[in-house]
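Per-entry structural report
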Amino acid sequence: MPATKETGLSALKRPLVLGIETSCDETAAAIVAADRTVLAHRVLSQVDDHAEFGGVVPEIAARQHISHLDHLLRDLMDEADLNFKDLDAIAATTGPGLVGGLMVGVMTAKAVARASGKPFVAVNHLEGHALTVRLADDVPFPYLLLLVSGGHCQILMVEGVGRYTRLGTTIDDAAGEAFDKTAKLLGLGYPGGPAVEAAAREGNPKRFKLPKPMVGKPGCNFSFSGLKTAVRRLAEDCVARQGVLTKKDRADICAAFQEALGACLVDRLKRATALFREQVGAGDHPFVVAGGVAANQYLRNELEALAASEGLRFFAPPLALCTDNGAMIAWAGLERFAADPTIDDLDVSVRPRWPLDENAKPMVGKGKKGAKA
Ligand code: KG4
Ligand code: ZN
């Protein structure tokens, strides 16, 4: 029998969930089914709109989301050949993130939910990153998670959907932020992560010595601001000595930076593994890396080697699902909705700050540091 829309739909394992992501500088949406089928997937990057400012400008981001989300959703539904009424739930990133962008995504999702009579699911962006790996692979709970993105750097024990215990966090910059600032300092453009990785591939990591903050210290917290300052000094020294910063200098600095940052991650994770084992016992439990920085191949290799030496099974999402996207929000929405179909209503408000482990006290101070903690 030829596949019709009806037979195609009934073959999919429900729920079928639309996810919308607008928390930063990607306007993204996707539709996923419980059997891990991604029916349609769209990401519209705003990189060009922010490049001249060297970072994301919140007002520009919100305006771009407003301009693009409607037609992106129309294209997405056309690609999947679905109506909103065919879906089981509408999920949107509700925090943490830039408030203007969050409001655009959440208001749109609520409008679609209301018009189609489907439930709305509020998704924590960090939970999107934390669960993405389960969209790609059959990864069982519990797992040890390194969440490394532009706004966060955390080690978490993931015991189930909505069940997170933070083992470590950054006390200043996030890992992605360190990549972005290093790129900016070296004139490599924005976004910094891929540019630093590409430059590092050509570089000699042994020419310069950079600090590895927190390595050997008790606990599992990170600190990257000293590393960033050391990169700036190194670049200034090169210019003072030679008058210019050559392509080779840049490459060598990037390679040293990446190696130092990787060593920090590995050191902290060794400690976290011991804490994780105290909770979950022996066995080859999964170790997962997620978030934009997880797209870095050098770091993936280092982390895979660490997992092997600790007797953990290594998992990382495919590259396209590491940086912000709609599928991760659809999938986290689906997992939450499957666990409790009555979870959220249309009164839910956006939350620019929203820790994954709700009950945890900020580990370091208040304000910026508290929120990142
Ligand atoms: O997860 P994400 O898309 O957004 C946030 O939730 O923050 O992460 C973006 C971050 C940026 O800081 C970007 O520079 C970094 O991920 N990133 C990378 C790479 N690709 C993206 N960092 C290192 N190497 C990469 N290949
Ligand atoms: Zn993200």
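Residues numbered from 1 in each chain as written. Chains lettered and ligands numbered in written order. Predicted model: local features only at pLDDT ≥ 70, side-chain atom pairs only at ≥ 80, totals over all residues. Heavy atoms only, no water.

Before going further, it helps to examine the overall build of the protein. Each helix and strand counted, the protein has 12 helices and 10 strands in total. Its C-alpha atoms give the protein a radius of gyration of 21 Å, within 12% of the compact-globule value 21 Å for 373 residues. Principal axes of the C-alpha set define a box for the protein whose edges measure 70 × 50 × 45 Å. A buried classification covers 53% of the 373 residues belonging to the protein. (Helix = DSSP H or I, 4+ residues; strand = E, 2+ residues; numbered from the N terminus. Rg over C-alpha atoms; globule rule 2.2 N^0.38 Å. Buried < 20%, exposed > 50% of the residue type's maximum accessible area, 1.4 Å probe, protein only.)

This brings us to the site of ligand 1. The full set close to ligand 1 counts 20 residues, and Gly150, Asp180, Gly193, Glu197 and Asp324 are the nearest of them. Between histidine 125 and ligand 1, the recorded distance is 3.1 Å, taken from a side-chain N or O atom to an oxygen atom. In the complex, 89% of the free accessible area of ligand 1, which totals 550 Å², lies under the protein chains. According to the grid-proximity analysis, the pocket containing ligand 1 is the largest pocket. When contributions to the shell around ligand 1 are tallied by element, the ones reaching two or more residues are α5 (125-136), α6 (175-185) and α7 (192-201). Considering only residue class, the shell around ligand 1 consists of 5 nonpolar, 12 polar and 3 charged. Shared between two domains, the shell around ligand 1 takes at least three residues from each, and those domains are domain 1 (9-131 + 321-371) and domain 2 (142-316). (Near = heavy atom within 4 Å. Polar contact = N/O pair within 3.5 Å; in protein donor to acceptor, adjacent residues only side chain to side chain. Areas by Shrake-Rupley, 256 points an atom, 1.4 Å probe, with all protein chains shown as cover. 1 Å grid on protein atoms, 1.4 Å probe; cavity = no way out; pocket = protein on both sides within 12 Å on 5 of 7 lines; lining within 4 Å. Sits in = over half its atoms within 2 Å of the grid points. Nonpolar A, V, L, I, M, F, W, Y, C, P; charged D, E, K, R; others polar. Domains from an automatic or database assignment.)

A few words on the sheet that holds strand β8 (residues 163-169). Spatially, β8-β7-β6-β9-β10 is the arrangement adopted by the 5 strands of the open sheet, whose pairing is mixed. Since the sheet does not close on itself, it has two edges, and those belong to β8 and β10 (313-315), each with one partner. Strand-to-strand twist across the sheet, computed as the mean angle between neighbouring axes with direction ignored, equals 25°. The sheet contact formed by strand β7 (residues 153-160) and β8 spans 6 bridges and is antiparallel. Bridging across to β8, methionine 157 finds its partner in threonine 165. (Pairing = 2+ DSSP bridges. Axes fitted to C-alpha atoms, helices over the stretch in contact; angles between N-to-C directions.)

Turning our eyes to something else, we now look at the pattern of salt bridges. Between side chains of opposite charge, pairing is possible as soon as their charged atoms come close. All told, the structure shown has 20 salt bridges when counted by the stated rule. A salt bridge links aspartate 357 to arginine 166; the nearest nitrogen and oxygen atoms lie 3.0 Å apart. Of the two residues, aspartate 357 is situated in the loop between α11 (326-339) and α12 (367-372) and arginine 166 in strand β8; the sequence distance between them amounts to 191 residues. Each member of the pair aspartate 357 and arginine 166 is classed as buried. Between lysine 206 and glutamate 259 there is a salt bridge, with its nearest N and O atoms 3.0 Å apart. Of the two residues, lysine 206 sits in the loop between α7 and α8 (225-242) while glutamate 259 sits in helix α9 (residues 247-280), which places them 53 residues apart along the sequence. Taking relative accessible area as the criterion, lysine 206 reaches 61% and is therefore assigned exposed. Several salt bridges converge on common partners, so that one network encompasses Asp173, Glu177, Lys181 and Lys228. (Salt bridge = Lys/Arg side-chain N within 4 Å of Asp/Glu carboxyl O.)

Let us look at the environment of isoleucine 31. Here isoleucine 31 lies in strand β2 (residues 26-33). Once the C-alpha coordinates of isoleucine 31 and leucine 126 are considered, the two residues, 95 residues apart in sequence, prove to be 19 Å apart. When neighbours within four sequence positions are excluded, isoleucine 31 is seen to be in contact with Leu16, Val17, Leu18, Thr37, Val38, Leu39, Ala40, Leu76, Met77, Ala80, Leu82 and Leu87. (Contact = heavy atoms within 4.5 Å.)

Moving on, we get to the pairing of strand β1 (residues 16-21). In terms of burial, β1 is a largely internal element, 6 of the 6 residues being buried. Of the two faces of β1, the one carrying Leu16, Leu18 and Ile20 and the one carrying Val17, Gly19 and Glu21 are both buried. By the bridge criterion, 6 bridges tie β1 to β2 in an arrangement that is antiparallel. Bridge pairing links valine 17 to valine 32 in β2. Hairpin geometry of β1 and β2 is characterised by an intervening segment of 4 residues between the two adjacent antiparallel strands.

Before going further, it helps to spend a moment on α5. Look at α5: 17 Å from first C-alpha to last across 12 residues, which is about the 16 Å you get at 1.5 Å a residue. Counting buried positions along α5 gives 11 out of 12 residues, so the element sits mostly inside the fold. (Expected span 1.5 Å × (residues − 1).)

We now examine the domain arrangement of the protein. Frequently, the measure chosen for interface size is the accessible area that the parts lose on association. Here the protein is described as being made up of domain 1 (9-131 + 321-371) and domain 2 (142-316). The distance between the C-alpha centroids of domain 1 and domain 2 comes to 26 Å. Counting from both sides, the interface comprises 27 residues of domain 1 and, opposite them, 23 residues of domain 2. A combined buried area of about 2,100 Å² lies between domain 1 and domain 2, and 63% of that area is made up of carbon and sulfur atoms. Our count for the contact surface shared by domain 1 and domain 2 stands at 1 salt bridge. Where domain 1 touches domain 2, the interface holds 6 residue pairs in polar contact (both at pLDDT 80 or more). Of the residues forming the side of domain 1 that touches domain 2, the biggest block, 5 residues, is contributed by α5. (Buried area = accessible area lost by both parts, 1.4 Å probe.)

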